[in-house]
Every structure is written in C-alpha cells, then in structure tokens.
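Next come the chains, spelled out residue by residue.
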Amino acid sequence: MTEDENQECRKAATRKIKGKNGVYTPDIDANDYMARLMSASVVYPDLKNAELQRSYGVMGAESLLRKMLLPGEFASLGEQVQKLNGFNQDMNELVDDVKN
C-alpha cells in the first residue's frame, strides 16, 4: 500500500466534530480507519465484488470483511496488515537507518 492509499483510508475515516465557538476539529474513527486499511490491503477475495457482498447480505468492503471473519480472525488480519504496511517498525530503528 502506498502512503497516498493510506491517506485516502485516513481521510474517509475522519469526521469533523463541532467544538467550542463553532470551531470544527478533525476526529479519526480508529475502528473505521483500521477496517478501511484492512479492506484496501486484502487482494483476495475481491471485497469490492458486489455479488460477494450480496451473498453475505452486506454492502461495502469493510462490512463484508466484518461479516466474513470471526472477531479473532479480524484482529489477526489487522495485526498482519499493520506489519505488512510498516506500522510495526520502531521509530528509533528508522532513525538509525536514516543516519546510516
């Protein structure tokens, strides 16, 4: 996944919350972001396939993923997606790599 794709997932999971004095602040729904990140990372099956979604009685890739998997499977997939997309790297290691 590219950073552009990641930003699309993050933007789609962000809502504006009205605060004091009518000022809106962005709020990321972490569960929605993670589901979008996971569905964007899954290659097979095609979670955007309308026929597959209909067969599970849902609409949308994220809903399909939630319907297809057991809670533990969903959590395991989330962990693997994070690893594959580099979210498990230690910041200190990255700093050392850049220095070298």
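See the structure above.
Basis of the calculations
- Every residue gets a number counted from 1 within its own chain, in the order that chain's sequence is written.
- Only residues with pLDDT of at least 70 are given local features in this predicted model, and only at 80 or more are side-chain atom pairs given and counted; all residues enter the totals for whole chains, interfaces and linings.
- Computation of side-chain values: all heavy atoms of the structure, hydrogens and water removed.
- A helix here means a DSSP run of H or I that spans at least four residues, while a strand means a run of E at least two residues long, and both kinds are numbered starting from the N terminus.
- Residue exposure (1.4 Å probe, protein chains only): buried if accessible area is under 20% of the type maximum, exposed if over 50%, otherwise partly exposed.
- It only takes one pair of heavy atoms within 4.5 Å for two residues to be counted as in contact.
- Criterion for a salt bridge: a side-chain nitrogen of Lys or Arg within 4 Å of a carboxyl oxygen of Asp or Glu.
- Every axis corresponds to a line fitted to the C-alpha atoms, with the helix fit spanning only the stretch in contact, and the corresponding angles, defined between N-to-C directions, vary from 0 to 180 degrees.
- Crossing chirality is assigned from the near helix's rotation relative to the far helix, an anticlockwise turn below a right angle marking it left-handed and a clockwise turn marking it right-handed.
- Ten residue types, Ala, Val, Leu, Ile, Met, Phe, Trp, Tyr, Cys and Pro, are classed as nonpolar, four, Asp, Glu, Lys and Arg, as charged, and the remainder, Gly among them, as polar.

### Some details on the environment of Leu64
Step number 1: Looking at where Leu64 falls in the secondary structure, it is placed in helix α4 (residues 61-68).
Step number 2: Looking at Leu64, the relative accessible area reads 0%, which means it is buried.
Step number 3: Excluding anything up to four places from it in sequence, Leu64 contacts Leu47, Leu52, Gln53, Tyr56 and Val58.

### A few points about the pattern of salt bridges
Step number 1: Using the criterion set out here, one finds two salt bridges in the structure.
Step number 2: Linking Asp32 and Arg15 is a salt bridge whose minimum nitrogen-to-oxygen distance equals 3.7 Å. With a gap of 17 residues between them, Asp32 in helix α2 (residues 30-41) and Arg15 in strand β1 (residues 14-18) connect regions that are remote in the sequence.
Step number 3: Using a relative accessible area of 45% as the deciding quantity, one classes Arg15 as partly exposed.
Step number 4: A salt bridge links Asp32 to Arg36, with the nearest nitrogen and oxygen atoms 3.2 Å apart. Taken together, the residues Asp32 and Arg36, both in helix α2 and four residues apart, mark about one turn of the helix.
Step number 5: What makes Arg36 partly exposed here is its relative accessible area of 23%.

### A short note on the packing of helix α1 (residues 3-12) against α2
Step number 1: Where α1 contacts α2, the two axes come as close as 8 Å, and the packing angle between them is 145°. Relative to α2, the crossing made by α1 is right-handed. Together, Asn6, Cys9, Arg10 and Ala12 of α1 and Asp32, Tyr33, Arg36, Leu37 and Ala40 of α2 make up the contact between the two elements.
Step number 2: Of the residues belonging to the contact of α1 with α2, the class tally is five nonpolar, one polar and three charged.

Geometry only, nothing functional implied.
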